[in-house]
Amino acid sequence: MAKIISGKELSAKLKADMAAQVAEFPEKYGRVPHLVVILVGDNPASVSYVTGKAKASETVGIKNTTIRKPETISEEELLSLIRELNEDDSVDGILVQLPLPKHISESKVIETISKAKDVDGFHPLNVAALWQKEDCVLPCTPKGIIKMLKAAGVGIKGKRAVVIGRSNIVGLPVAKLLLDENATVTIAHSRTENLAELTRQAEILVVAIGRPKFVTADMVSEGTVVIDVGVNRDAETGKLCGDVDYAEVEPKASVITPVPGGVGPMTICCLMENTIECFLAKH
Ligand code: NAP
């Protein structure tokens with residue numbers, strides 16, 4: 001039986017601590033942190049993520065403004081909205097929910113958000129700072145994963161970690177954070193040969209690929225710590241599932257994260273933390 005890291009429980013505890021911290025801000029700083037979330041279009045997954053962020057903000061006591069724009073908004077309109085928010089002193093964090101419609105360049109949008117208000121940690125200057133080990137806003141999902149490992153008492157130093165996935169938002173930054181914790185890190189991807197042979201060597205396995213139940217029991221060794229980042233729909237049941245076949249892998253793992261209720265809630269929790277950090281950096 002693996003130890004299950006409940007991101008739901010851990011994030012609830014961390015949000016309660018943040019709520020106590022934020023409750024003191026009006027007296028100390030005259031106001032609470034303010035997060036602005038921009039949602040373009042009505043993609044159901046994006047709507048649900050944005051709703052989750054608004055709910056978490058309420059729990060923590062952060063002011064949340066969600067600005068909804070139609071799918072047809074032009075790139076220039078969106079960029080000028082972001083520039084306005086950059087200039088607005090009452091706004092501490094800006095998040096544009098991805099993905100964006102095809103006619104809008106995601107990289108232009110990310111680069112336009114002021115580095116100081118980039119609560120997602122996606123701005124090139126924040127990314128560069130991460131890789132140069134300078135102070136920066138850390139991307140929420142990788143940050144949440146490290147918190148989960150530490151909360152579960154998993155020693156990272158000296159361990160063989162394998163990350164499957166090399167995206168800018170999860171795979172690459174989580175690999176860097178594991179490296180900073182002194183793990184020996186291997187990054188695997190869709191062109192990796194003999195993937196199962198590699199993953200069987202992992203003491204810590206982080207899976208962020210977006211393929212339902214891709215990691216099966218034969219791909220992990222007894223006692224592996226398994227972090228499942230994937231959020232997918234199971235084609236058979238229609239329910240949410242991860243990139244790891246939980247039923248098969250859990251009995252072999254020493255520690256595992258469930259989907260839902262694992263990495264997802266921690267991502268939102270770290271967004272709250274990043275908003276507070278951006279607010280405090282200003283004050
Ligand atoms: P992404 O940008 O699509 O990247 C997927 C990565 O997986 C790529 O590097 C790809 O390799 C690799 N990959 C795809 N198929 C593979 C295979 N068969 N074998 C090995 N590697 C393979 O995805 P992402 O944004 O990182 O997200 C990954 C998953 O995490 C998705 O399910 C997403 O919904 C979820 N997610 C969850 C959270 C959360 O908070 N829980 C946050 C972000 C993302 P190549 O580079 O070679 O193409």
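Residues numbered from 1 in each chain as written. Predicted model: local features only at pLDDT ≥ 70, side-chain atom pairs only at ≥ 80, totals over all residues. Heavy atoms only, no water.

## Things to note about the layout of surface pockets
The gaps of empty space that remain are located by a probe, the size of a water molecule, rolled over the atoms. Within this model, the second largest pocket holds a volume of roughly 280 Å³. In this structure, the second largest pocket is lined by 15 residues; those nearest its centre are L130, C136, L138, K143 and L177. Elements with a contribution of two residues or more to the lining of the second largest pocket: helix 6 (124-131), helix 7 (140-151) and helix 8 (171-180). It is helix 7 that provides the largest number of residues to the lining of the second largest pocket, a total of four residues. (1 Å grid on protein atoms, 1.4 Å probe; cavity = no way out; pocket = protein on both sides within 12 Å on 5 of 7 lines; lining within 4 Å. Points joined across faces, edges and corners; volume = space filled by probe spheres on them. Helix = DSSP H or I, 4+ residues; strand = E, 2+ residues; numbered from the N terminus.)

## Quick notes on the site of the ligand
In the neighbourhood of the ligand, 21 residues make up the surrounding shell, with R166, S167, S190, R211 and T267 lying closest. Within the contact set of the ligand, a nitrogen atom lies 3.5 Å away from a backbone nitrogen or oxygen of V229. In isolation the ligand has 930 Å² of accessible area, and contact with the protein removes 72% of it. If one sorts the elements of the shell around the ligand by residue count, helix 11 (residues 263-282) sits on top with three residues. Across the shell around the ligand, the residue classes tally to nine nonpolar, 10 polar and two charged. (Near = heavy atom within 4 Å. Polar contact = N/O pair within 3.5 Å; in protein donor to acceptor, adjacent residues only side chain to side chain. Areas by Shrake-Rupley, 256 points an atom, 1.4 Å probe, with all protein chains shown as cover. Nonpolar A, V, L, I, M, F, W, Y, C, P; charged D, E, K, R; others polar.)

## A word on the environment of E9
As for its placement among the helices and strands, E9 is situated in helix 1 (residues 7-23). The exposure class of E9 is exposed, given its relative accessible area of 60%. On a C-alpha basis, the gap between E9 and M266 in space is 9.4 Å, while along the polypeptide they are 257 residues apart. (Buried < 20%, exposed > 50% of the residue type's maximum accessible area, 1.4 Å probe, protein only.)

## Remarks on the pattern of salt bridges
One side chain can pair with another of opposite charge once the charged atoms of both are near each other. Scanning the entire structure with this criterion turns up 13 salt bridges. Notably, a salt bridge pairs D180 with K176, separated by 2.7 Å at the nearest N-O pair. Taken together, the residues D180 and K176, both in helix 8 and four residues apart, mark about one turn of the helix. The exposure class of K176 is buried, given its relative accessible area of 6%. Connected through shared salt-bridge partners, K143, K147, E273 and E277 make up one network. (Salt bridge = Lys/Arg side-chain N within 4 Å of Asp/Glu carboxyl O.)

## Structural notes on the environment of A217
Its place among the elements puts A217 in the loop between strand 7 (204-207) and strand 8 (225-228). Taking C-alpha positions, A217 is 7.3 Å from K252, a pair spaced 35 residues apart along the chain. Apart from residues lying up to four places away in sequence, A217 is in contact with E248, V249 and K252. (Contact = heavy atoms within 4.5 Å.)

## Examining the nonpolar core
Counting residues in hydrophobic clusters, the biggest one holds 52 residues, and the most contacted among them are L149, L178 and V206. A total of 10 residues in this core trace back to one element, the largest contributor, which is helix 11. Apart from the residues within four sequence positions on either side, L149 is in contact with V154, I156, L178, I204, V225 and I227. (Core = buried A, V, L, I, M, F, W, Y, C linked by side-chain atoms within 4.5 Å.)

## A short note on the side chain of S57
Locating S57 in the fold gives a position in helix 3 (residues 44-60). Residue classification places S57 among the buried residues on the basis of a relative accessible area of 0%. For S57, the residues in contact, after removing those within four places along its chain, are L35, I62, N64 and M272.

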